[in-house]
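# Understanding the architecture of this molecule
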Amino acid sequence: MTTLVQPTTEPALRVGGLVLAAGAGSRMGNRPKCLLQLNGMSLLERQLQALSLAGVRPVGVVLGHHGERILQEGILTRWAAQQVRNLRPDDGHVSSLRIGLKDLPTGLDAVVVALADQPLIDVQAVKALLAAFAQRPAGTQMLQPSVKGLPGNPVVFSGEVMAQILAGEEHIGARQWQQAHPEAVFRWETPHSLYRLDVDNEADRQAVEASTGRSLHWPPDLVL
């Protein structure tokens, strides 16, 4: 018996992704935070796994400091992620964001921008973001998760916002776009603290262990 598949009324969104991993990790002994391991998997690989399994593609990873060491892991190859180089990583997140956006194809419906040091973002977390973005209030173009009124990550914004950021001056990134268009930002309130959790320093690493009962470990060659 042949099963008839009804056509969908709306095409699936074409969603690309960026993972920002260009930082020096100065508060972590100048080590690549994204290579911290949780349950044997690096934080960067966890992000790429989550995005890929949620159907986000293509995904670019913006590298700067520690780029060669990160590439040694083979993570980008395993998840078919695109390498994007920021030759001036000390210029900050806006610089990495703009370089990454320029490398993504035009015509995307949405872009997910993730940080490489968020240990608990998984496929369910990304799918929840995309579902909320698809159902966002009319007139909004950017979604930011909010936990108890505090901003979290990843963020999701439309292809139109991507184009506007790239058409703007070099200091314009997602945060600056939000400030200029507050009425177009959807603060998606969620009880899940994982959207607020990242690892910037040793205290953060210990806090993750205390709150989750799971340890974050450095690869052997990065142990101080």
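Check the entry above for the structure.
A brief look at the structure comes next. (Residues numbered from 1 in each chain as written. Predicted model: local features only at pLDDT ≥ 70, side-chain atom pairs only at ≥ 80, totals over all residues. Heavy atoms only, no water.)

## What about the overall build of the protein chain?
Counted only if it meets this: Helix numbering and strand numbering both begin at the N terminus, where a helix is a DSSP run of H or I of at least 4 residues and a strand a DSSP run of E of at least 2. The reference for a compact globule is 2.2 Å times residues^0.38; the radius of gyration itself is calculated from the C-alpha atoms. Areas reported here follow the Shrake-Rupley algorithm with a probe of radius 1.4 Å; residue values treat only the protein chains shown as occluding. Only four residue types enter the tally: Lys and Arg on the positive side, Asp and Glu on the negative side; His and the chain ends are excluded. Where a charge sits is defined by one atom per residue type, namely NZ (Lys), CZ (Arg), CG (Asp) or CD (Glu).
Each helix and strand in the protein chain was counted, giving 8 helices and 11 strands. Radius of gyration (C-alpha) of the protein chain: 18 Å, near the 17 Å computed for a compact globule of 224 residues. Projected onto the principal axes, the alpha-carbon positions of the protein chain cover approximately 55 × 55 × 35 Å. With an accessible surface of roughly 11400 Å², the protein chain has 52% of that area assigned to carbon and sulfur atoms. Computed over 20 positive and 21 negative side-chain charges, the inter-centroid distance for the protein chain is 2 Å.

## A closer look at the pattern of salt bridges
Heads up, the condition is: The term salt bridge refers to a side-chain nitrogen of Lys or Arg lying within 4 Å of a carboxyl oxygen of Asp or Glu. The rule is simple: take the accessible area with a 1.4 Å probe, protein chains only, and divide by the maximum for that residue type; under 20% is buried, over 50% is exposed, in between is partly exposed.
By the definition in use, this model includes 11 salt bridges. With its nearest N and O atoms 2.8 Å apart, the salt bridge here joins Asp221 to Arg69. Placement of Asp221 in the segment after strand 11 (216-217) and of Arg69 in helix 2 (residues 67-72) is noted, with a sequence separation of 152 residues between them. For Arg205, the salt bridge is made with Glu209, and the minimal N-O distance between the two is 2.8 Å. Residue Arg205 and its partner Glu209 are both found in helix 8 (residues 202-212); the two are separated by 4 residues, about one turn of the helix. By relative accessible area, Arg205 is classed as buried at 16%. Salt bridges sharing partners connect three or more residues here, namely Arg27, Lys33, Asp117 and Asp200.

## What to know about the side chain of Gln47
Selection rule: Polar contact criterion, stated in full: a pair of N or O atoms within 3.5 Å, where within protein one must be able to donate a hydrogen and the other to accept it, and residues adjacent in sequence count only if both atoms are side-chain atoms. Two residues qualify as a contact provided that any one of their heavy atoms is within 4.5 Å of a heavy atom in the partner residue.
Structurally, Gln47 can be placed in helix 1 (residues 43-53). Within the structure, Gln47 has its side chain in polar contact with the backbone oxygen of Leu115 (distance 2.8 Å). Apart from residues no more than four positions distant in its own chain, Gln47 is found in contact with Val19, Ala114, Leu115, Ala116, Gln118 and Ile121.

## What to know about helix 1
The α-helix advances 3.6 residues per turn, and as a result positions three or four apart in sequence lie on the same side. Across the 11 residues that make up helix 1, a large majority, 8, are buried. Turning to helix 1, its buried residues number three or more, namely Leu43, Leu44, Glu45, Arg46, Gln47, Leu48, Ala50 and Leu51. Where helix 1 ends, the next residue or the one after it, Gly55, has phi of about 90 degrees, a positive value.

## Focus: the sheet that holds strand 2 (residues 37-38)
Paired through backbone hydrogen bonds, the strands of a sheet run either parallel or antiparallel to each other. Applied cut-off: At least two bridges found by DSSP between two strands is the condition for calling them paired.
Strand order across the open sheet formed by 3 strands is 3-2-11, with antiparallel pairing between neighbours. One side of each edge strand has no neighbouring strand; the edge strands of this open sheet are strand 3 (41-42) and strand 11. As paired elements, strand 2 and strand 11 share 2 bridges and run antiparallel to each other. Bridging from a neighbouring strand, Leu38 pairs with Leu216 of strand 11.

## A few points about the packing of helix 4 (residues 93-103) against helix 6 (residues 159-167)
Note the following rule: Here an axis means a line fitted to C-alpha atoms, over the contact stretch when the element is a helix, while the angle between two N-to-C directions is reported on a 0 to 180 degree scale. An angle counts as roughly parallel when it lies under 35 degrees, as roughly antiparallel when it exceeds 145, as roughly perpendicular when it falls between 65 and 115, and as oblique in every other case. By the definition used in this description, the sense in which the near helix is turned from the far one sets the handedness, with an anticlockwise turn below a right angle giving left-handed and a clockwise turn giving right-handed. Put simply, Ala, Val, Leu, Ile, Met, Phe, Trp, Tyr, Cys and Pro go in the nonpolar bin, Asp, Glu, Lys and Arg in the charged bin, and everything else, Gly too, in the polar bin.
Remark: helix 4 packs on helix 6, axes separated minimally by 10 Å, with the N-to-C direction vectors making an angle of 120 degrees. The orientation of helix 4 with respect to helix 6, classified from their angle, is oblique. Where helix 4 crosses over helix 6, the handedness of that crossing is left-handed. Two secondary-structure elements touch here, helix 4 through Arg98, Leu101 and Lys102 and helix 6 through Met162, Ile165 and Leu166. For the contact of helix 4 with helix 6, the residue count by class is 4 nonpolar, no polar and 2 charged.

## Considerations on the nonpolar core
Here is the rule: For our purposes a nonpolar core is just a set of buried Ala, Val, Leu, Ile, Met, Phe, Trp, Tyr and Cys residues, chained together by side-chain atoms within 4.5 Å.
Among the nonpolar cores identified, the biggest contains 47 residues, and Val19, Leu44 and Val61 are the most heavily contacted of them. Within the residue set of this core, elements represented by two or more residues are strand 1 (15-21), helix 1, strand 4 (59-63), helix 3 (75-78), strand 6 (110-115), helix 5 (123-134), strand 7 (142-147) and strand 10 (185-189). It is helix 5 that provides the largest number of residues to this core, a total of 7 residues. Look past the residues within four positions of Val19 in its chain and what remains in contact with it is Leu44, Gln47, Leu48, Leu51, Val59, Gly60, Val61, Val62, Ala114, Leu115 and Ala116. Residues Leu108, Val155, Phe157 and Ala184 belong to the second largest nonpolar core, which totals 22 residues.

## Notes on the packing of aromatic side chains
To describe a pair of aromatic rings, you give the distance between the ring centres and the angle between the ring planes. Formally: Any Phe, Tyr or Trp ring, taking Trp's six-membered ring, that has another such ring centre within 6.5 Å forms a pair; planes under 30 degrees apart are called stacked, those over 60 apart edge-to-face, and the others tilted.
All chains considered together, the criterion is met by 1 aromatic pair. Look at Trp188 and Tyr195: their rings are 5.7 Å apart centre to centre, the planes differ by 75 degrees, and that puts the pair in the edge-to-face class. Given the relative accessible area of 17%, Trp188 is considered buried. Tyr195 sits in the buried class, given a relative accessible area of 3%.

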